[in-house]
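Each chain, letter by letter, is given below.
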Amino acid sequence: MYRQAIYDEPLIYDLGKKGRRAHLPLKTDVSPIDINIPESMKRKEAPELPELHEGEVMRHYLHLAQMNYCVDSGIYPLGSCTMKYNPKINEALARAEGLAYTHPYQPVETIQGTLEMMYELQKALTELAGLPYCSLQPPAGAAGEYTGLGLIRAYHQDKGDFDRDEIVTPDSSHGTNPASTVMNGYKIIEIKSNENGQVDLDALRAAVSEKTAGFMITNPNTLGIFESDICEIAEIVHESGGLLYYDGANFNAIIGIIRPGEMGFDVLHYNLHKTFSTPHGGGGPGAGPVCCSERLKEFLPVPTVEYEEEKDFYYLNYDLPKTIGKVHGYYGNTGIALRGYAYICALGAKGLIHTSEQAVLVANYVMRKVEAIDGLRLRFNRNLPRKHECVIDASPLKHQIGVGAMDIAKMLISRGKHAPTVLFPLIVHEALMIEPTENENKESIDQFVQVLKEEIDKARDNPDYAHDAPYWTSVGRVDDSWAVKNLILSYKMIKNLKTKGEWPPKWPEDHH
Amino acid sequence: MYRQAIYDEPLIYDLGKKGRRAHLPLKTDVSPIDINIPESMKRKEAPELPELHEGEVMRHYLHLAQMNYCVDSGIYPLGSCTMKYNPKINEALARAEGLAYTHPYQPVETIQGTLEMMYELQKALTELAGLPYCSLQPPAGAAGEYTGLGLIRAYHQDKGDFDRDEIVTPDSSHGTNPASTVMNGYKIIEIKSNENGQVDLDALRAAVSEKTAGFMITNPNTLGIFESDICEIAEIVHESGGLLYYDGANFNAIIGIIRPGEMGFDVLHYNLHKTFSTPHGGGGPGAGPVCCSERLKEFLPVPTVEYEEEKDFYYLNYDLPKTIGKVHGYYGNTGIALRGYAYICALGAKGLIHTSEQAVLVANYVMRKVEAIDGLRLRFNRNLPRKHECVIDASPLKHQIGVGAMDIAKMLISRGKHAPTVLFPLIVHEALMIEPTENENKESIDQFVQVLKEEIDKARDNPDYAHDAPYWTSVGRVDDSWAVKNLILSYKMIKNLKTKGEWPPKWPEDHH
Amino acid sequence: MSDYSHPYLANCATDIEEMLKELGISSIDELFSDIPEEIRFKGELKIPHYPSEMEVKEHVEDLLSKNKTTREIRSFLGGGVLDIYIPAAQDELLRRTEFYSAYTPYQPETSQGTLHTLFEFQSMLCELLSMDTTNCSMYDWATALGEAANMTVRLAKKKFTFLYTGAIAPNRLEVLKTYVIGSNVTLVEVPYDTTTGKMDVTKAIELMTEDVAGIYFENPNYFGVIEDNIKPIIEAAKERNVMVVAGVDLSSLGLIEGPGDYDVDIAIGDAQCVGGGPMNFGGPMTGVFSMKFDRKWTRQMPGRLVGITLTPEEGKWAFTNTLQTREQHIKRHRATSNICTNEALTAMSVAFHLALLGPQGITETGESMYYNAHYLKAELEKIGVKPVFNGEFFNAFTVDLKIPKDKKKEFTTFMLGRKIFAGIPYSFDGENYDYLVTTSYLLRKKDLDDFVKAIEEWRK
Amino acid sequence: MSDYSHPYLANCATDIEEMLKELGISSIDELFSDIPEEIRFKGELKIPHYPSEMEVKEHVEDLLSKNKTTREIRSFLGGGVLDIYIPAAQDELLRRTEFYSAYTPYQPETSQGTLHTLFEFQSMLCELLSMDTTNCSMYDWATALGEAANMTVRLAKKKFTFLYTGAIAPNRLEVLKTYVIGSNVTLVEVPYDTTTGKMDVTKAIELMTEDVAGIYFENPNYFGVIEDNIKPIIEAAKERNVMVVAGVDLSSLGLIEGPGDYDVDIAIGDAQCVGGGPMNFGGPMTGVFSMKFDRKWTRQMPGRLVGITLTPEEGKWAFTNTLQTREQHIKRHRATSNICTNEALTAMSVAFHLALLGPQGITETGESMYYNAHYLKAELEKIGVKPVFNGEFFNAFTVDLKIPKDKKKEFTTFMLGRKIFAGIPYSFDGENYDYLVTTSYLLRKKDLDDFVKAIEEWRK
Ligand SMILES: Cc1ncc(COP(=O)(O)O)c(C=O)c1O
Ligand SMILES: Cc1ncc(COP(=O)(O)O)c(C=O)c1O
């Protein structure tokens, strides 16, 4: 039996009362003076913020917290997201005063500890990537891509090659890949996957040319399949004069097993919030460090973190004349970097390798169990082992009883198991993309599979049971299209609706 | 709509697997040697403790946490318990390394900060009590009573008076009062309350004698009524030669309003976990500091915390030849004392007085609203204002429809409102003892009263609705008598039942 | 195989054996058989290892203890990162695993906690900024600026110039440049008045030619000066269909009008200073992106948006991510931005902080900073040290110190010796350094007096 | 009236006015009208006040920073309080308000979290101790001893002598004395063997006369010595219906038998050392009270007990406080103890800790302590310094230092100068001090070597 907590929790603006205080800030002991802000800019009314007392604030957010599923609630097998356990020691360390109360512009001699940590993290990341240089500046994976593509552009332009304006990528790639590509001013050339779900070498050969700036690949790819032709791919791309970008979001499958740099890759980004266990925070912050080869080094964002061994001194180097510039206001998400570093320290080389081994083992284990369920099938070559994740196709079930991947997701969350990623990658129609991570043990996976089976059985008895799911979550299935049609995006907009007499919303007659 | 979370959470022993690790402790770098523990004492098998990985442990206890009501869940109006908000800054401060990593026997010159804090807390507590001396040693209110009664004994004996072996107390007193009395070797003389719920002066006069060692009173008393004859009471007791003990558990009603020392009281204990906002922790730890008058000072537990102004030096004074000894292995619950001290600092004198004022205001407000509900009535003098709490009698409802205080409690928890203290004090039959504390604002109390009304209405429609409550808690009404009959108190006992084939328990046929 | 046991690994030797058996294979290695042997890594990885949690803790704490913090050294640093106090209640909420260990709320029914809180973040930010909609966060102010520039160009179609104030933070300008690389944008600087430090209104209007898609200014600007003369610029911009982007210091908004009050189209900034978190050496920050409401515009907005919607239960509305079709995971190369992971948790942190501060708190912290800065200015003037500009300011101003390049290091060390982080150096002439000095509300009179004393000594 | 607003007060001026109105009164003061005017306090209270949270924080932290901690000074202190490591996961659980801000679970249906966790505490303690039942905690070891003594007398009826070992911690003995004041108990000391440091078996048996209700010993005892000879005592006790009470060091139970294994009736101790919390200057501790199961005995047990029971839903069992009729809130003066508030949260903390440590962890920490202590002993012997007793020990032993009374302070200072808390002084002769030295698992080789070096220097 599972039920998520339910509280009829109002918007915080509907709590509290004028005059209540939840926090008393420090007041300076300097004597007050008249505030001489020019009239045109002087605030006329204090901003309308909530007015509660401390206990009320805590109750409000406690209620909300309990209506939220998280990694510590249970399995969270979102494919491509690597929802691994967030070690508690990292959360504790990230609150150290020595990190929290340091300013990005304080003199470099007063921040040696953080710089050393960054330098050591860079070293570990380059070691795992097999690429010798690193920048921690990109604040997320997509920013890492943007940075990496910028390095590729700078490289070609530095060689006087201004015509390479295409980036080639498989159609199974993550949405950020094409988005970053276009933001970088490139054209995107998507190539179809072959029947094994891998890069089709012929298609690749046809796609590359003297216009190719680079090739972006995620390996293992979004289907969880290792691109075993990776060396040929590298050769083809390099021959065309393009560079090789390794989307390391799926690095959790390959730590210490392969090193992309050794396969000819020029640049790679990591997601510390995936492979290195930093929390997802309901959407962020993350960190997307970039590693690169010798030939791209001089284009890295400034400043780089460097070490002068003689003086045992760490410093920020802004002196890169060919730098692509900056991709973050400061040095990236140092608070996240620290967590990633602590994670690496706790596991060491052997532990990290075991991580990948377990992640791959459980992914294959869940795959074999799930594909055995009637109505579900494994897409692409069944004989290939998967790496950290697998993509299951629910189209058979959809055809049989009209119950698709999204319905399955809603049935699962009803039962206190988070759903896999659904409807992605787009190349599989009713995709259920399952990535358990090494944080799930055998019992947990067995339970997940058991629940999945039970729910599909229930759906067979009564497909509407599936369409009306979820049941035991804090709210029933929400109406996404109503949200788009009505676009109520802030309390300010609610106040407008109120004056128009249009709040609270009316339920349409035909609402299910 | 309210629903508490539900997880079918097994006993931790039914989770995990042999060989999993959730924490790796530091290992010394001293070389291992043979363990030479004599065979008769050498552990043969490692103790059977759970074996999980870190994430599993967190999930288990997260699930349990969400199945627990707390002060930050909502109103928690347990009369006599003073469930006030636990300020978060206190929790943070109590984790300071300067407190956590100090040993009770480290040299006194290395613990000056803590001693100063203790000394300052003592000063504040004596100031509020109007009694000049203080010991923070008693680890809870009951221990404070035990200590205070010990002081009274020592005082009489020191005067050569060995015959005073009776402690007089009202019948409405808290259970710990008589229990501490008897543990201290005294006889307990309980006197009936008068029709106002207060001490009957005639009864008191009749009860005191040359055998009276002391009189223990809680003021305001357990009915929330102030003992306005307190001066006469003091006189009567003192005339008999007895001393006066003030149970300060209800101090939240009188901070800065009256000072018991000024009314002739000789000794008083506080509950820091009530009046001074330290958390209840699901049952403890608390702290029960004792304040006393000049004539009891020399009997205080050792060591006392003292200050040598000249040297600006705090120290532990063991040199009290007439001390009653020790009531705790060290100096009491210093971690709790710190929280209480921080609370006092945050409010200051004015804030503390406001605390009592608000606590009393909301108690009277809820009282007037609740006594207006059909089936409930206020016991004892309706015209007397109450202090921090009020006692409502549900006997009328019980007579009307057979729904009593316990049923009301279960209906309330069904709705996400914690129940008042029920069936206490014993002198009111269907008692609902309501103490909102200053942490509840008007809306919260209005909602509580509204829910109470609604539930009683439902019970009128169908009394079984009440008897079968609660509904939306993580489990339904538990069977207390089965627990007593079967006494399953540990996993060890479960294992025994298993070998006898008696686990899991069978539901009796007639089980509701 | 028993050394598989580690707190971060869920399966022990027994589990592994059982799973291998069910998979019908004899070792995990078989699952890697599709990786060509020649690329399997065979060396020894050089990775640090601290085998117990306590050693990890000691190691990291030892490293961090080499830093000097603003708890020891009085900080006059600002420039976009403010030293703030994080209330204990806020930290306790941030420590709740339900918030920090959740993913982006892709399944709204089981993620109302995140969604509801982010909606409140959006709402509080709109109130602070007097704007209609705010997204769930960008990486930081600088990248928000890059996105804003791209967005004005996207919306304008066929206009490719983006004007920006010369009184901009240098780091933001650098990111802006990197961010417009793909969108063919020409960046043109609007000069500022060297006496007041405010943007040059006449020049700004002059520069608003046909090709201009947007104009950006900061308020207070990087030199601390309040831009109280921008009304004509905004009017001119409206006339010419130029979108106005303001970058504001959110900590000033208890005292200064929200950008919506002076009618800008897009407001950006960073919410670190209103509770996103402590400074953390500059990251994570909490980029803010806020707009007037306009369906067309909103559809072009980067980043995630939480909206309200209906549930099956009549009367019970709920929250969900909305307008996802703008985002990369659906629109791929036609997305409005590549942003995916954002700064959601620090955005929630802002919601917690503002819920605790309330209107009085935001005003009081603003006042403290204002008093501090103006006291400092007055005291510095007493020793003959002046601000570079005479425009009104909030909590920061640029102090005319003219430290020669070759003395800069010495000055830093001198001030450090007095336990002071002296401010951010800025050279107007390329030779000498003036200092942008910010006074947070954590500074007190004594700190300010010590600063003045130090400067006085230095000048001797 | 607006200054009623404070983060810890729920009602602002408006609320108060509204409530007063509904009550039909004009001021809160009227609600205090029943308090005689002459006793109303009219003075000014002298109470510290720090008006902002940050000032409270600074003030308390300033105070605490005057302390020296075992993070700076290597601690060889023990005697019932052990320096331990609190895993971050444990602390995160303890920070959950659902646990720490709940009351005693009087409404079990809405308090399963507390009850379930406390049941697990009871269970894990029973496993560690090899006993059947353990209550939800006592204040500390010392008060548990007091309760145990009283309980043996209560159960025995008409027997009033309680024997205790001479190798007892002095502080526990003092509490014991205070605790038996009301129960007419005569305390009689059993001497220990001055060579081995173990209890004198012959004497103990001799002393077990008709009037003896219980006998108490510690294992390892206060001098660190393992009591491996108690079998004859226990046998004699059984024969004479004397209850056997053992006080054990819980941190030793990875290596040493649980007291249930050698058949004691009542086991007590303190669970601080297995995760109740850091040392906190000695409080809160986590008193342990554990027994063999016997319905009659259990009914006499002090403190709270969580048991299993049924719910209305067939197959779904749950937890509840049970045997409450022993407790003061029901039984009043006939209760088994006056204990009401106990140490529930630190008990839960122990459950979290042991769940994290597991059997391997408890063994490993025990081994580290054992290795440390035996290494230290060996190294001390190399410089001619010996233990006072030759009995086997676990993690502590008494070092024969014979520091004269008038040198004691100097010795403390000398050791402090070397960043060492030297151990707990104990005088066997009333003139000179030997030191009870404990090695936690947080000490490392270098710390032990430094200790030996310091002693060597001192003796020069
Ligand atoms: C394969 C892949 N690439 C890139 C990204 C983008 O990373 P981020 O969300 O940190 O921007 C993701 C994650 O969302 C991903 O799964
Ligand atoms: C009136 C009164 N006296 C004494 C006590 C005992 O205090 P404690 O639970 O701290 O031992 C309590 C609380 O339970 C109480 O309410």
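Treat the numbers as computed from the prediction; the structure is a model and nothing was measured.

*Asks:* Sorry, what's going on with the overall build of chain A here?
*Replies:* For chain A, the helix and strand inventory stands at 16 helices and 15 strands. In summary, chain A has a C-alpha radius of gyration of 26 Å against a globular reference of 24 Å for 512 residues, a match within 12%. Across the 512 residues that make up chain A, the buried fraction comes to 72%. A sequence separation of at least 24 residues applies to 72% of the contacts in chain A between residues at least 6 apart. Carbon and sulfur atoms form 48% of the exposed surface of chain A, whose accessible area is close to 15100 Å². Both charge centroids of chain A, one from 52 positive and one from 69 negative side chains, sit 6 Å from each other.

*Asks:* Explain the packing of helix α10 (residues 334-371) of chain A against helix α2 (residues 53-64) of chain C to me, please; I cannot follow it from the model alone.
*Replies:* Axes are the key here: two packed helices are described by the angle between their axes and the distance separating the axes. Here α10 of chain A crosses α2 of chain C at 140°, and the two axes come no closer than 10 Å. By the angle class used here, α10 of chain A and α2 of chain C are oblique. As for how α10 of chain A packs across α2 of chain C, the hand of that crossing is right-handed. Counted together, Leu338, Tyr341, Ala342, Cys345 and Ala346 of chain A of α10 of chain A and Val56, His59, Val60, Leu63 and Leu64 of chain C of α2 of chain C form the full contact between these two elements.

*Asks:* What is the right way to look at the site of ligand 2 in this model?
*Replies:* In the vicinity of ligand 2 there are 15 residues, among which Ser80, Gly141, Asp247 and Lys274 of chain B together with Thr341 of chain D approach most closely. Proximal residues around ligand 2 fall on chains B and D, making this an inter-chain site. Separating an oxygen atom of ligand 2 from a side-chain N or O atom of Ser80 of chain B is a distance of 2.7 Å. Lys274 of chain B places a polar side-chain atom, nitrogen or oxygen, 2.8 Å from an oxygen atom of ligand 2. When isolated, ligand 2 has an accessible area of 380 Å², and the protein chains bury 99% of it. Only α5 (141-158) and α9 (272-275) of chain B provide two or more residues apiece to the shell around ligand 2.

*Asks:* Honestly, the packing of aromatic side chains in this entry has me stumped. Any pointers?
*Replies:* Two numbers describe a pair of aromatic rings. These are the distance of the centres and the angle of the planes. Counted according to the given criterion, the structure contains 72 aromatic pairs over all chains. Between Tyr270 of chain A and Phe276 of chain A, the ring centres sit 5.6 Å apart and the planes meet at 75°, which makes this aromatic pair edge-to-face. Each member of the pair, Tyr270 of chain A together with Phe276 of chain A, is buried. For the pair Tyr465 of chain A and Tyr471 of chain A, a centre-to-centre distance of 5.1 Å together with 15° between the ring planes defines the contact as stacked. Accessibility expressed as a relative area gives 17% for Tyr465 of chain A, which makes it buried. Taken together, the ring pairs in this structure connect Tyr192, Tyr222, Phe223, Phe389, Tyr426 and Phe428 of chain C into an aromatic cluster. Positioned above the aromatic ring of Tyr186 of chain B, the side-chain terminus of Arg153 of chain B is 5.1 Å from the ring centre.

*Asks:* What should I look at first to understand helix α1 (residues 54-66) of chain A in this one?
*Replies:* Since the α-helix packs 3.6 residues into each turn, any two residues three or four apart lie on the same face. Taking 1.5 Å of rise per residue, the 13 residues of α1 of chain A would be expected to cover 18 Å, and the 19 Å separating its terminal C-alpha atoms lies within 8% of that figure. For α1 of chain A, the tally of buried residues reaches 13 of 13 residues, placing the bulk of the element in the interior.

*Asks:* What exactly am I supposed to notice about the site of ligand 1 here?
*Replies:* Ligand 1 sits among 15 residues. The nearest are Gly141, Asp247, His273 and Lys274 of chain A together with Thr341 of chain C. Surrounding ligand 1 are residues belonging to chains A and C, so the site spans chains. Contacts to ligand 1 include Gly141 of chain A, whose backbone N or O atom sits 2.6 Å from an oxygen atom. Asp247 of chain A is positioned with one of its side-chain polar atoms (N or O) 2.6 Å from a nitrogen atom of ligand 1. Notes on ligand 1: free accessible area 390 Å², of which the protein chains cover 99%. For the shell around ligand 1, the elements supplying multiple residues, two or more each, are α5 (141-158) and α9 (272-275) of chain A. Counting residues per element, the shell around ligand 1 draws most heavily on α5 of chain A, at three residues. Of the residues in the shell around ligand 1, the class split is four nonpolar, eight polar and three charged.

*Asks:* Hey, could you run me through the interface of chain D and chain A in this one?
*Replies:* Counting from both sides, the interface comprises 23 residues of chain D and, opposite them, 19 residues of chain A. Note on chain D versus chain A: buried area summed over both sides is about 1700 Å², and carbon and sulfur give 57% of it. Between Asp15 of chain D and Arg20 of chain A there is a salt bridge, with the nearest N and O atoms lying 2.8 Å from each other. Across the contact surface, chain D and chain A share seven residue pairs in polar contact (both at pLDDT 80 or more). Those elements giving two or more residues to the side of chain D that touches chain A turn out to be α1 (13-23), α2 (53-64), α3 (88-94) and α4 (97-100) of chain D. A per-element tally of the side of chain D that touches chain A places α2 of chain D first, with four residues.

*Asks:* I keep staring at the domain arrangement of chain A and nothing clicks. Help me out?
*Replies:* In many reports, interface size means the accessible area that the parts give up when they come together. Residue and element names in this part refer to chain A. Per the domain assignment, the segments making up chain A are domain 1 (4-67), domain 2 (89-346), domain 3 (358-467) and domain 4 (483-512). The distance between the C-alpha centroids of domain 1 and domain 4 comes to 25 Å. Domain 1 puts four residues into the contact, and the matching count from domain 4 is four residues. Buried surface at the junction of domain 1 and domain 4, summed over both partners, amounts to about 320 Å²; 57% is from carbon and sulfur atoms. The tally of links between domain 1 and domain 4 comes to one salt bridge. Close ionic contact of Lys495 with Glu48 constitutes a salt bridge, the shortest N to O distance being 2.8 Å. On inspection of domain 1 and its partner domain 4, the count reaches two residue pairs in polar contact (both at pLDDT 80 or more). Of the residues that constitute the side of domain 1 that touches domain 4, the class distribution is two nonpolar, no polar and two charged.

*Asks:* In this structure, what is going on with the sheet that holds strand β6 (residues 212-218) of chain B? I would like to understand it.
*Replies:* Strand pairing in a sheet relies on backbone hydrogen bonds, with the paired strands running either antiparallel or parallel. Residue and element names in this part refer to chain B. The strand order across the open sheet formed by seven strands is β3-β9-β8-β7-β6-β4-β5, and the pairing between neighbours is mixed. One side of each edge strand has no neighbouring strand; the edge strands of this open sheet are β3 (133-135) and β5 (187-191). Taking the axes of each pair of neighbouring strands and ignoring which way they run, one obtains an average angle of 20° across the sheet. Taken together, the three bridges between strand β8 (residues 267-269) and strand β9 (residues 290-292) define a ladder with antiparallel strand orientation. Note that in β9 the partner of Val267 across the bridge is Cys292. On top of the sheet, helix α8 (residues 230-240) reaches β6 and β7 (243-247); it is set at about 165° to β6, its chief contact.

*Asks:* I keep staring at the confidence of the model for chain C and nothing clicks. Help me out?
*Replies:* Interpretation of this model should avoid reading the predicted coordinates in detail wherever pLDDT is low. In this model, chain C carries an average pLDDT of 96, and 100% of its residues clear a pLDDT of 70 or more. For this predicted complex, the interface score ipTM comes out at 0.98, while the overall pTM is 0.98.

*Asks:* Before we go on, may I ask you to explain the sheet that holds strand β15 (residues 431-434) of chain A in this structure?
*Replies:* Residues and elements named next belong to chain A. Taken in spatial order, the four strands make up an open sheet running β12-β13-β15-β14, and their pairing is antiparallel. Both outer strands of the open sheet, β12 (377-378) and β14 (421-422), are each paired with one neighbouring strand and no more. As defined by bridge partners, strand β13 (residues 390-393) adjoins β15 across four bridges and the pair is classed as antiparallel. Bridge pairing in β15 places Ile392 opposite Leu432. Against the sheet, α10 makes contact with β12, β13 and β15, and its axis sits at roughly 10° relative to β13, the strand it touches most.

Rules behind the numbers
What you see as residue numbers is a count from 1 along each chain, following the sequence as written. Here every chain gets a letter starting at A, and every ligand a number starting at 1, in the order they are written. Given that the model is predicted, a residue must reach a pLDDT of at least 70 before its local features are reported, and side-chain atom pairs must reach 80 or more before they are shown or counted; all residues, however, enter totals for whole chains, interfaces and linings. Side-chain numbers here rest on the full set of heavy atoms in the structure, without hydrogens or water. In this description a helix means any DSSP run of H or I spanning at least four residues, a strand means any run of E spanning at least two, and both kinds are numbered starting from the N terminus. Only C-alpha atoms enter the radius of gyration; for comparison, a globular chain is expected to reach 2.2 Å times N to the power 0.38, where N is the number of residues. Throughout this description, buried means an accessible area under 20% of the type-specific maximum (1.4 Å probe, protein chains only), exposed means over 50%, and partly exposed covers the range between. Residue contacts are defined here by distance: any two heavy atoms, one from each residue, within 4.5 Å place the two residues in contact. To measure how exposed things are, a 1.4 Å probe is used in the Shrake-Rupley method; for residues, cover is taken only from the protein chains shown. For the charge count, each Lys or Arg is scored as positive and each Asp or Glu as negative, with His and the chain ends excluded. A charge is said to be at NZ when it belongs to Lys, at CZ for Arg, at CG for Asp and at CD for Glu. With axes taken as lines fitted to C-alpha atoms, and helix axes fitted only over the stretch in contact, angles between N-to-C directions fall between 0 and 180 degrees. Any angle that is under 35 degrees is reported as roughly parallel, and any over 145 degrees as roughly antiparallel; angles of 65 to 115 degrees are reported as roughly perpendicular and all others as oblique. In this scheme, a crossing is called left-handed if the near helix is turned counterclockwise away from the far one by less than a right angle; it is called right-handed if the turn is clockwise. Whether a residue is near a molecule or strand depends on its heavy atoms: it is near if one of them lies within 4 Å of it. We define a polar contact as two N or O atoms separated by no more than 3.5 Å, with the added condition that, inside protein, one atom must be a possible hydrogen donor and the other a possible acceptor, whereas residues neighbouring each other in sequence contribute only through side-chain atom pairs. Planes of paired rings set the category: under 30 degrees apart is stacked, over 60 is edge-to-face and the rest tilted, where pairs are Phe, Tyr or Trp rings (Trp by its six-membered ring) whose centres lie within 6.5 Å. Whether a charge sits over a ring comes down to the Lys NZ or Arg CZ being within 6 Å of the ring centre and within 35 degrees of the ring normal. Helices are assigned an expected span. That span is 1.5 Å times one less than the residue count. Residue polarity is assigned by list, with Asp, Glu, Lys and Arg as charged and Ala, Val, Leu, Ile, Met, Phe, Trp, Tyr, Cys and Pro as nonpolar; anything else, Gly included, falls into the polar class. Summed over both partners, the accessible area lost on bringing two parts together, with a 1.4 Å probe, is the buried area. Salt bridge criterion: a side-chain nitrogen from Lys or Arg within 4 Å of a carboxyl oxygen from Asp or Glu. These domain boundaries are the output of an automatic or database domain assignment. Here, any two strands with at least 2 DSSP bridges between them count as paired. Scored from 0 to 100, pLDDT reflects the predictor's confidence in each residue.

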